[in-house]
Amino acid sequence: MKQSDIQRYEKALLKEITGLRLRKKVRAAFRASAQALLEDIPEPNYYTLLHAFGPPESMAEVLIHTIPNPPQPLSRKKKLGITGAICILILAVALGLYSSWEVPESKLTISDGSAYTPDVLGQKYAGMRVDEFKHDDVTWDQPREYSTYLVLLYNKNDVTTHIVVRYAKPQSPHTFDIPPHTQRALLVEDARSTTHILSFITDNGTLDGDVHIYAAPIED
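Residues numbered from 1 in each chain as written. Predicted model: local features only at pLDDT ≥ 70, side-chain atom pairs only at ≥ 80, totals over all residues. Heavy atoms only, no water.

Chemist: Explain the pairing of strand β4 (residues 146–155) to me, please; I cannot follow it from the model alone.
Modeler: Where a strand is regular, its side chains alternate between the two sheet faces. Burial analysis of β4 places 8 of its 10 residues in the buried class, the great majority of the element. In this structure, β4 lies alongside strand β9 (residues 209–217), joined through 9 bridges in antiparallel fashion. Across the sheet, Y149 pairs through a bridge with A215, a residue of β9. (Buried < 20%, exposed > 50% of the residue type's maximum accessible area, 1.4 Å probe, protein only. Helix = DSSP H or I, 4+ residues; strand = E, 2+ residues; numbered from the N terminus. Pairing = 2+ DSSP bridges.)

The structure is reproduced here in structure tokens:
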């Protein structure tokens with residue numbers, strides 16, 4: 001699209017301004033000043049603009065003086081500070097992603113689940129999901145404020161059920177077997193705050209059982 005003469009004039013005017021905040025205010029002031037001219041001449045040529053406002057560099061100085069308390073360009077020190085803050089934010093995000101995806105869950109225990117009585121569960125854990133063994137995966141999002149999750153499973157089937165818990169593509173899943181009519185508990189105390197996927201597998205394809213998923217907060 002061809003640039004109009006008033007756009008060319010405004011672009012030349014703004015080249016004389018240092019600082020994004022001041023440039024924004026000068027642009028607004030120029031457009032307000034040009035409004036009356038545009039009502040009479042909707043598409044003024046460059047000569048008309050020069051005649052009305054003078055050279056762009058002179059108009060820039062005039063407009064700056066019309067702005068009360070014009071913002072000053074950021075000092076080098078402030079620019080470096082902002083750049084440093086952005087770098088720290090990027091690093092924090094990168095470390096968070098690394099923690100979620102690259103660090104494995106290694107503090108885990110598999111037991112028969114007998115230690116997790118209703119009283120213990122009520123005192124230490126928050127329930128997140130109750131489901132059944134099924135061919136569709138059971139998923140949950142591990143909250144960042146919870147460092148631990150507990151999966152209680154009871155296999156009601158007459159065949160062994162193979163359990164797979166996936167939580168990050170680069171990491172190996174947690175796997176274990178539950179014999180028929182037996183309970184197992186998976187406790188992970190360094191949980192990654194990401195989506196976890198629980199799968200059930202049997203040799204004959206039949207599934208029957210219950211699963212309860214709990215979480216515990218980070219301990220001070």
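Chemist: Can you walk me through the packing of helix α1 (residues 5–14) against helix α4 (residues 56–66) in this structure?
Modeler: When two helices pack together, their arrangement is given by the angle between the helix axes and the distance between those axes. Where α1 meets α4, the axes come as close as 8 Å, and the angle between the chain directions of the two elements is 65°. Viewed along their axes, α1 and α4 adopt a mutual orientation that is roughly perpendicular. In terms of crossing hand, the pair formed by α1 and α4 is right-handed. For the pair formed by α1 and α4, the contact residues are Y9, A12 and L13 on the first element and P56, M59, A60 and L63 on the second. The class makeup of the residues in the contact of α1 with α4 is 7 nonpolar, no polar and no charged. (Axes fitted to C-alpha atoms, helices over the stretch in contact; angles between N-to-C directions. Parallel < 35°, antiparallel > 145°, perpendicular 65-115°, else oblique. Left-handed = near helix turned anticlockwise from the far one by under 90°. Contact = heavy atoms within 4.5 Å. Nonpolar A, V, L, I, M, F, W, Y, C, P; charged D, E, K, R; others polar.)

Chemist: Which parts of the structure should I look at to understand the sheet that holds strand β3 (residues 138–141)?
Modeler: Within the open sheet, the 4 strands sit side by side as β3-β8-β5-β6. Their pairing is antiparallel. Two strands close off the open sheet at either side, each with one partner strand: β3 and β6 (174–178). Going from strand to strand, the sheet's axes swing by 15° on average, the running direction of each strand aside. Judged from the 5 bridges that link them, strand β5 (residues 161–166) and β6 form a sheet pairing that is antiparallel.

Chemist: Is there a simple way to explain the nonpolar core in this structure?
Modeler: Generally speaking, a soluble globular protein has its nonpolar side chains buried in company with each other. By size, the foremost hydrophobic cluster in this structure holds 18 residues, and its most contacted members are Y149, V151, L153, I163, L198, F200 and V211. Top contributing element to this core by residue count: β4, with 3 residues. Residues contacting L153, with those up to four places away along its chain left out, are F133, I163, F176, I178, T182, Q183, R184, L198, F200, D210 and V211. By size, the runner-up hydrophobic cluster in this structure holds 17 residues, among which are L13, L14, I17 and L37. (Core = buried A, V, L, I, M, F, W, Y, C linked by side-chain atoms within 4.5 Å.)

Structural measurements only, silent on function.
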